[in-house]
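Chain by chain, the residues:
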Amino acid sequence: SRVHDFGAVEVAATANAITKLGIHNHRTFLALATTIKERSAEFRSRQLAQVIHAFSTLTVTYGRLLMDLSPQVLASANMADDQSLVLLFCAYARAGQPSGQAIQALVELLLPRVQSLDVQVQVQLFYACGRLALRSEPLTHALAAALLASQRRR
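Residues numbered from 1 in each chain as written. Predicted model: local features only at pLDDT ≥ 70, side-chain atom pairs only at ≥ 80, totals over all residues. Heavy atoms only, no water.

A. Unusual backbone geometry, seen in detail. Although it is not a glycine, Ala 133 adopts a positive phi angle of roughly 55°. Take Ala 133: it is sitting in the loop between helix 7 (119–131) and helix 8 (138–153). (Helix = DSSP H or I, 4+ residues; strand = E, 2+ residues; numbered from the N terminus.)

B. Local environment of the environment of Gln 72. Structurally, Gln 72 can be placed in helix 4 (residues 63–76). Given the relative accessible area of 15%, Gln 72 is considered buried. C-alpha of Gln 72 to C-alpha of Thr 140: the two residues are 68 residues apart in sequence and 25 Å apart in space. Non-local contacts of Gln 72, meaning those with residues more than four positions away in its chain, are made with Ser 40, Ala 41, Phe 43 and Leu 48. (Buried < 20%, exposed > 50% of the residue type's maximum accessible area, 1.4 Å probe, protein only. Contact = heavy atoms within 4.5 Å.)

C. Quick look at the side chain of Ser 45. Residue placement: Ser 45 occurs in helix 3 (residues 45–56). Non-local contacts of Ser 45, meaning those with residues more than four positions away in its chain, are made with Ser 76, Met 79, Ala 80 and Ser 84.

D. Structural view of the nonpolar core. Among the nonpolar cores identified, the biggest contains 48 residues, and Ile 36, Ile 52, Phe 55 and Phe 89 are the most heavily contacted of them. Looking at this core, the elements that each hand over two or more residues are helix 1 (8–21), helix 2 (26–38), helix 3, helix 4, helix 5 (82–94), helix 6 (100–110), helix 7 and helix 8. Here the element with the most residues in this core is helix 5; it accounts for 8 residues. (Core = buried A, V, L, I, M, F, W, Y, C linked by side-chain atoms within 4.5 Å.)

E. Representation of the pattern of salt bridges in the model. Evaluated as defined, the whole model comprises 4 salt bridges. Lys 37 is paired through a salt bridge with Asp 68; the nearest N and O atoms lie 3.5 Å apart. With a gap of 31 residues between them, Lys 37 in helix 2 and Asp 68 in helix 4 connect regions that are remote in the sequence. Relative accessible area serves as the criterion here: at 41%, Lys 37 is assigned to the partly exposed category. Measuring nitrogen to oxygen at the nearest pair gives 3.0 Å for the salt bridge that ties Glu 42 to Arg 39. (Salt bridge = Lys/Arg side-chain N within 4 Å of Asp/Glu carboxyl O.)

F. Highlighting the packing of helix 1 against helix 2. Close contact between helix 1 and helix 2 brings their axes to 11 Å; oriented N to C, the two are set at 150°. Looking at the two axes, helix 1 sits roughly antiparallel to helix 2. Seen along the crossing, helix 1 lies across helix 2 with a hand that is left-handed. Contact with helix 1, carried on its side by Val 11, Thr 14, Ala 15, Ile 18 and Thr 19, involves Thr 28, Phe 29, Leu 32, Thr 35 and Ile 36 of helix 2 and no other residues of that element. For the contact of helix 1 with helix 2, the per-class residue count stands at 6 nonpolar, 4 polar and no charged. (Axes fitted to C-alpha atoms, helices over the stretch in contact; angles between N-to-C directions. Parallel < 35°, antiparallel > 145°, perpendicular 65-115°, else oblique. Left-handed = near helix turned anticlockwise from the far one by under 90°. Nonpolar A, V, L, I, M, F, W, Y, C, P; charged D, E, K, R; others polar.)

G. Seen up close, the packing of helix 1 against helix 3. Direction vectors running N to C along helix 1 and helix 3 enclose 25°, while the axes themselves pass 9 Å from each other. With respect to helix 3, the element helix 1 is oriented roughly parallel. Handedness of the crossing formed by helix 1 with helix 3: left-handed. Of the residues in helix 3, those touching helix 1 at Ala 8, Val 9, Ala 12, Ala 15, Asn 16 and Thr 19 are Gln 47, Gln 50, Val 51, Ala 54 and Phe 55. Its residues assigned to classes, the contact of helix 1 with helix 3 shows 7 nonpolar, 4 polar and no charged.

Below, the structure is given as structure tokens:
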């Protein structure tokens, strides 16, 4: 397929655009998913975050793709910026994929950044923690404390 000729940037942009446009063509998504899995090592953390986020918004379940990409998420997470980490964490939550190692790595990377995140981002992460039932995670407690502190400052 022509999708296989795309680079990581084009695959990420295409996946994102197709989901935002509401195009639900199973063959297209299958071709994208196959290309992503086969060439996942070429994806930088931002592109990986965009792809996983795009697939997590679909009503059709592509949870297996998220699980298959977990090793690449783990390999690139340390180089990810705040926005990519948040996108990844929320995408796993939206897809209902509490993929153990990937989620744990994202939790550990997000935890020290909680205080520097915007309140809206803290709320998104707090909601994602709820979707993943991370009741006792330190990230959940840090987000709750940060949100309470932001309310007191108002």
